[in-house]
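# A closer look at the structure
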Amino acid sequence: MSEQLSPPAFDTPFFKSALSRFATGVTVITTEGLAPECEPWGLTASSFNTLSLDPPLIVWSLDKKARSLPHFLHAPSYVIHVLGASQEKMAKRFAMGPQAERFHGHPLGRAPGGTLMLEDQGLCAWFECRNVSQHETGDHYLFIGQVEHCMHTDTAPLIYHASKFALTPR
Ligand SMILES: Cc1cc2nc3c(=O)[nH]c(=O)nc-3n(C[C@H](O)[C@H](O)[C@H](O)COP(=O)(O)O)c2cc1C
C-alpha cells in the first residue's frame, strides 16, 4: 500500500486530494430561483449528509462562488435527489454549464410540499427540505434543511471517490 504524508506547509490541493478519498454518494439539489424569473436552479453536490433524526435535519454546503448561491439562500425549500448508479450523465450535467442546459428536456415535477423537483426513475431517494438555516463558514455556506417529505427505492447508488464516479460496491 503506498501512503502519502502531508507536506510540512499546509497545501490546499493536497488537502483536497486527501478529502477526495472519502467516498460519497452524489446528489442533485434543485429549487425555484428568485422572482420575477422563478426559473429552476440546480447543482450536483456530494456534501449532503445526515444531521438529526428528531427533528429530521440534513446538511450540505454550497461554494460562495456558486451562481446558484443567492437563489438557495432565499429559497423557502429545496429538493435533494440522491442519484442512482445509472445517473452519472445527470451528475456531470448539473456540475457545469448554464442552468437552462442542465434542465433542458428534463421532466420537472413538484414534491408534495410544492417544491420543484426532477422527475426521474433512476433515483435512490429524494428529500424535500425546508430551508431552515444557512451559515457562512470559510469559503462555503453550510445549509441545514428540515426534511418534510422523503422517498426511497432499492436502486444502487452512484458513488464519487478520488474525483471519479465509481462502480457501486455491491
Ligand atoms: C461529484 C460532485 C460533487 C460536488 N459537490 C459540490 C458540493 O457539495 N458543493 C458545491 O458547492 N459544489 C459541488 N460541486 C460542484 C458544483 O456542482 C458546480 O460547481 C456547479 O457548477 C455549481 O453550479 P452553479 O455555479 O450554477 O451554482 C460538485 C461537483 C461534482 C462533480
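Notes on the structure in this doc start here. All values derive from a computational prediction rather than experimental measurement. (Residues numbered from 1 in each chain as written. Predicted model: local features only at pLDDT ≥ 70, side-chain atom pairs only at ≥ 80, totals over all residues. Heavy atoms only, no water.)

### Considering unusual backbone geometry
Selection rule: Helical segments are the DSSP runs of H or I of at least four residues, strand segments are the runs of E of at least two, and each set is numbered from the N terminus.
Residue Pro 36 is reached from Ala 35 by a cis peptide bond, and omega for that bond is 5 degrees. With respect to the element layout, Pro 36 can be found in the loop between strand S2 (27-32) and strand S3 (40-45). In this structure, the amide linkage connecting Asp 54 to the following residue, Pro 55, adopts the cis form with an omega of 5 degrees. Tracing the sequence through the fold places Pro 55 in the loop between strand S4 (49-52) and strand S5 (57-63). Even without being glycine, Cys 38 reaches a positive phi, approximately 50 degrees.

### Re the pairing of S5
Each regular strand carries side chains that alternate between the two faces of the sheet. The cut-off we apply is this: Note on exposure labels: buried denotes an accessible area under 20% of the residue type's maximum, exposed denotes more than 50%, and partly exposed covers the range between, all computed with a 1.4 Å probe on protein chains only. Should DSSP find at least two bridges between two strands, the strands are taken to pair.
In terms of burial, S5 is a largely internal element, 5 of the 7 residues being buried. By the bridge criterion, 3 bridges tie S4 to S5 in an arrangement that is antiparallel. Its bridge partner lying in S5, Ser 52 is registered against Leu 57. Counting the residues that bridge the hairpin from S4 to S5 gives 4 residues. Of the pairings in the sheet, the one linking S5 to strand S10 (residues 140-152) comprises 7 bridges and is antiparallel in character. Looking at the pairing, Leu 62 lines up with Tyr 141 of S10.

### A closer look at the sheet that holds S10
Applied cut-off: Every axis corresponds to a line fitted to the C-alpha atoms, with the helix fit spanning only the stretch in contact, and the corresponding angles, defined between N-to-C directions, vary from 0 to 180 degrees.
Spatially, 7 strands are ordered S3-S2-S6-S9-S10-S5-S4 in an open sheet, and the strand pairing comes out antiparallel. The sheet is open, and its two borders are formed by S3 and S4, each paired with just one other strand. Within the sheet, the average angular offset between the axes of one strand and its neighbour, ignoring direction, is 35 degrees.

### Looking at the packing of aromatic side chains
Put simply, the rule reads: Ring pairs shown here join Phe, Tyr and Trp side chains whose ring centres sit within 6.5 Å, with only the six-membered ring taken for Trp; geometry is labelled stacked below 30 degrees between planes, edge-to-face above 60, and tilted in between.
Overall, the coordinates contain 9 aromatic pairs when judged by the stated rule. Seen from their ring centres, Trp 60 and Phe 143 are 4.6 Å apart, and the 20 degrees between their planes marks the pair as stacked. In this pair, Trp 60 sits in strand S5 while Phe 143 sits in strand S10, placing the two residues 83 residues apart along the sequence. Accessibility expressed as a relative area gives 0% for Phe 143, which makes it buried. Among the aromatic residues, those joined into a ring-pair cluster are Trp 60, Phe 72, Tyr 78 and Phe 143.

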